Amino acid sequence: MVTPAPSLPRDFAQLSPTEAAELLAARKLPPVEQWHPERSGDSAMEIRADGSWYHEGGRINRPAMVRLFSTILRREPDGGHVLVTPAEKLSIAVEDTPFRAVEMKSEGEGETRRLIFRLDTDDLVLAGADHPLGFGDDPDNPDPRLHVRGSIGNGLEARIDRALYYEIADLALAEGEDPPSIWSNGARFPLVTA
C-alpha cells in the first residue's frame, strides 16, 4: 500500500509505527493505471538523481507541487515515465529513480518485522511482497531500492538512502540469517543475491 501525503501531521520520527500504519491505510492515489488519454506531449520536467524536480531547467521549490505531481507519475511499459491525467499524458525525464526513501521505522523482529519508509515526497510505503526491497546483484556495490507502485519489475522505485541501507544491513546481520536477509510484512529480502 502506498499513499500520497499532502503533508505528514507531524515529524515522521515522532510517529509510532502504529500511527504510520494508520496514515498508510487512510490515503489513496489517483487511478493513473486506468487513465489512457489520447493527447500526449512533453512536460519539460525532470527528476534528477538527488530527487529534485525541475521544470524547463528551473528547480521546483514548492514541496506541495512536487507532492502533487508525484501522485500522477506512472512508468510506461517501455520504461519511460509520464505524468498522466484523464485528459493528457506528458513525458518526464527521470535520471535515476523518481523517489528517495529518506527515513525508516522498524517494528518487530525476524519474520514479524515491518519496515515503513518515508519518501522524499512524504509518501509512506510499507515494504513487503507488494512493495519489495532490492539490493542489486553486486555485494560490493549494493543498489538498495524499494518498489513504490506500478507493476513489479517496471514500476516506480525509490532509491534507499545510504544511511538507511546501513541500518537495514545492521538489522539483517543482527538476526544471523545466511545469507543476511531482512523481513518486512511477512516477506524476506536477501541483502545478497545467491
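The structure presented is a predicted model; accordingly, all values stated were derived computationally and were not measured.

J.: Outline the overall build of the protein chain, supporting the account with residue identities and numerical values.
T.: A tally of helices and strands in the protein chain yields 3 helices and 15 strands. The C-alpha atoms of the protein chain give 17 Å as radius of gyration, which agrees with the globular expectation for 194 residues (16 Å, within 12%). In terms of overall dimensions, the protein chain has a C-alpha envelope of 55 × 35 × 30 Å along the principal axes. Looking at the protein chain as a whole, 46% of its 194 residues qualify as buried. A fraction of 54% describes how many contacts in the protein chain between residues 6 or more apart in sequence connect residues 24 or more apart. Within the structure as shown, the protein chain displays about 9,700 Å² of accessible surface, and the carbon and sulfur contribution to it stands at 49%.

J.: Lay out the packing of aromatic side chains in plain terms, naming residues and giving numbers.
T.: Within the structure shown, the criterion is met by 3 aromatic pairs. Ring geometry for Phe135 versus Tyr165: centroids 6.0 Å apart, planes at 50°, classification tilted. Separated by 30 residues along the polypeptide, Phe135 in the loop between strand E11 (133–134) and strand E12 (145–149) and Tyr165 in helix H3 (residues 162–175) bring together distant segments of the chain. A relative accessible area of 10% means that Tyr165 is categorised as buried. A ring pair is formed by Tyr165 and Tyr166, whose centres lie 5.7 Å apart and whose planes are at 55°; its orientation type is tilted.

J.: Can you break down H3 residue by residue, with the values?
T.: Compared with the 20 Å implied by 1.5 Å per residue over 14 residues, the 20 Å span of H3 between its first and last C-alpha is a close match. Among all positions in H3, only Leu164, Tyr165, Ile168, Ala169 and Ala172 are buried. Along H3, the residues classed as buried sweep out an arc of 140° about the axis, all on the same side. In H3, the exposed positions angled more than 90 degrees off the buried face are occupied by Ala163, Asp170, Leu173 and Ala174. Buried residues along H3 sit against strand E8 (99–107), strand E9 (114–119), strand E13 (156–160) and strand E14 (181–184).

J.: Please set out the pairing of E14 residue by residue, giving values where relevant.
T.: Residues Ser181 and Trp183 point to one face of E14 and Ile182 and Ser184 to the other, with burial holding for every one of them. Two strands pair when backbone bridges link them, and E14 and strand E15 (residues 187–190) are joined in this way by 4 bridges, in the antiparallel orientation. Bridge pairing in E15 places Ser184 opposite Ala187. What sits between the antiparallel neighbours E14 and E15 is a turn of 2 residues, in which Asn185 has the positive phi angle 50°.

J.: Describe in detail the pattern of salt bridges, supporting the description with residues and values.
T.: Inspection of the entire model under this criterion finds 16 salt bridges. Where Arg74 meets Glu76, a salt bridge forms, and the shortest distance between an N and an O atom there is 2.8 Å. By relative accessible area, which is 4% here, Arg74 ends up buried. With its nearest N and O atoms 2.2 Å apart, the salt bridge here joins Asp143 to Arg159. Of this pair, Asp143 sits in the loop between E11 and E12 while Arg159 sits in strand E13; the two residues are 16 residues apart in sequence, bridging distant segments of the chain. Residue class for Asp143 comes out partly exposed when judged on its relative accessible area of 27%. Given a relative accessible area of 14%, Arg159 falls into the buried group.

J.: So what's going on with the nonpolar core? Residues and values would help.
T.: Counting 39 residues, the largest nonpolar core has Trp53, Phe117, Leu133, Leu146 and Ile182 as the members making the most contacts within it. Per-element accounting of this core gives the leading share, 5 residues, to H3. The contacts of Leu146, once residues within four sequence positions are left out, are Phe117, Leu119, Val125, Ala127, His131, Pro132, Leu133, Leu156, Glu157, Ala158 and Ile160. In this structure, Leu23, Ile116, Leu124 and Leu126 belong to the second largest nonpolar core, which totals 8 residues.

How each quantity is defined
- Residues numbered from 1 in each chain as written.
- Predicted model: local features only at pLDDT ≥ 70, side-chain atom pairs only at ≥ 80, totals over all residues.
- Heavy atoms only, no water.
- Helix = DSSP H or I, 4+ residues; strand = E, 2+ residues; numbered from the N terminus.
- Rg over C-alpha atoms; globule rule 2.2 N^0.38 Å.
- Buried < 20%, exposed > 50% of the residue type's maximum accessible area, 1.4 Å probe, protein only.
- Contact = heavy atoms within 4.5 Å.
- Areas by Shrake-Rupley, 256 points an atom, 1.4 Å probe, with all protein chains shown as cover.
- Phe/Tyr/Trp six-rings, centres within 6.5 Å; stacked < 30°, edge-to-face > 60°.
- Expected span 1.5 Å × (residues − 1).
- Arc of directions from axis to C-beta.
- Pairing = 2+ DSSP bridges.
- Salt bridge = Lys/Arg side-chain N within 4 Å of Asp/Glu carboxyl O.
- Core = buried A, V, L, I, M, F, W, Y, C linked by side-chain atoms within 4.5 Å.

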